[in-house]
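Report on the structure
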Amino acid sequence: GEDDDGGESGTAPQVRYPSTKVKLGACPEGAALDVVRALADGTPARGDANRLWTFGDALSFAAHVVQLGGNTSALEYVEEPLRRRPDASAGEHLGELEAFASATGLSYALDETVAELAASYAPADTDALLAELRAHLAHCDGCAAVVLKPALLGLERTARIAEAARGAGIAAVVTSSFDSGVGLAHAAFVGALADARADG
């Protein structure tokens, strides 16, 4: 039947998202299969490896995506593809991520790397944090996005990091971390604010 305004009743609205996020496990071959499946309908995908892979694992993942017929150009980025060595500085880790991008042709996104850098600066030292972050991002040709969680970074710091990233030509993705409805509303607000600043 139809409802009063002429629409179909009992049917869910069709929602189309601009991309699909795929959590990638520790097995590169299985992760590649998951990504290829996600790309099958033509929707772009974003992978999240959560720092589970060695450099060799990351190379294996990229090779398997190609072997399985995956459209790597539709894979927007792989979030934090590489383990960070305990003794590696932020700059050294970013250098390894750049080597990943160069070797595979895939872009990467930063999440924990930015959160760790932010945690090393007191709230009063945000200007110094942004100066270091800008210096690093200036050399991150393979970085497609920074993933920011206001619940961890705070609202103002999230907005300022987003602005710094976009100033470097890198997308800022504002997301949540086990947040309530209030936290999700704050994340949406910060994302909209960062968009407005970028457009203004």
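Anything mentioned here points back to the structure above.
Residues numbered from 1 in each chain as written. Predicted model: local features only at pLDDT ≥ 70, side-chain atom pairs only at ≥ 80, totals over all residues. Heavy atoms only, no water.

Things to note about the overall build of the protein
Counting its secondary structure elements, the protein contains eight helices and six strands. If you list the helices and strands of the protein from N to C, you get β-α-β-α-β-α-β-α-α-β-α-α-β-α. Counted over contacts in the protein with a minimum sequence separation of 6, partners at least 24 positions apart contribute 75%. Accessible surface computed for the protein: about 10,400 Å², of which carbon and sulfur atoms make up 54%. (Helix = DSSP H or I, 4+ residues; strand = E, 2+ residues; numbered from the N terminus. Contact = heavy atoms within 4.5 Å. Areas by Shrake-Rupley, 256 points an atom, 1.4 Å probe, with all protein chains shown as cover.)

What to know about the nonpolar core
In globular proteins that are soluble, nonpolar side chains generally tend to be buried together. One finds Leu 24, Phe 61, Val 78 and Leu 110 to be the most contacted residues of the largest nonpolar core, which totals 46 residues. Of the residues forming this core, the biggest block, six residues, is contributed by helix 1 (residues 28–39). Those residues in contact with Phe 61 that lie beyond four places of it in its chain are Leu 24, Pro 28, Ala 31, Ala 32, Val 35, Trp 53, Leu 75, Val 78 and Leu 106. Core analysis: the second largest hydrophobic core is formed by five residues, Ala 109, Ala 145, Val 147 and Val 173 among them. (Core = buried A, V, L, I, M, F, W, Y, C linked by side-chain atoms within 4.5 Å. Buried < 20%, exposed > 50% of the residue type's maximum accessible area, 1.4 Å probe, protein only.)

A closer look at helix 7 (residues 155–167)
Between its first and last C-alpha atoms helix 7 spans 18 Å; for 13 residues at 1.5 Å apiece the expected length is 18 Å, and the two agree. Among the residues making up helix 7, those that are buried are Arg 157, Thr 158, Ala 159, Ile 161, Ala 162, Ala 164 and Ala 165. At the exit of helix 7 stands Gly 169, carrying a positive phi of roughly 80°. (Expected span 1.5 Å × (residues − 1).)

Re the environment of Phe 55
Tracing the backbone shows Phe 55 in helix 2 (residues 55–67). By relative accessible area, which is 34% here, Phe 55 ends up partly exposed. Through-space distance from the C-alpha of Phe 55 to that of Glu 96 is 8.3 Å; in sequence the pair is 41 residues apart. Excluding its chain neighbours within four sequence positions, the residues that come into contact with Phe 55 are Leu 82, Glu 96, Ala 99, Phe 100 and Ala 103.

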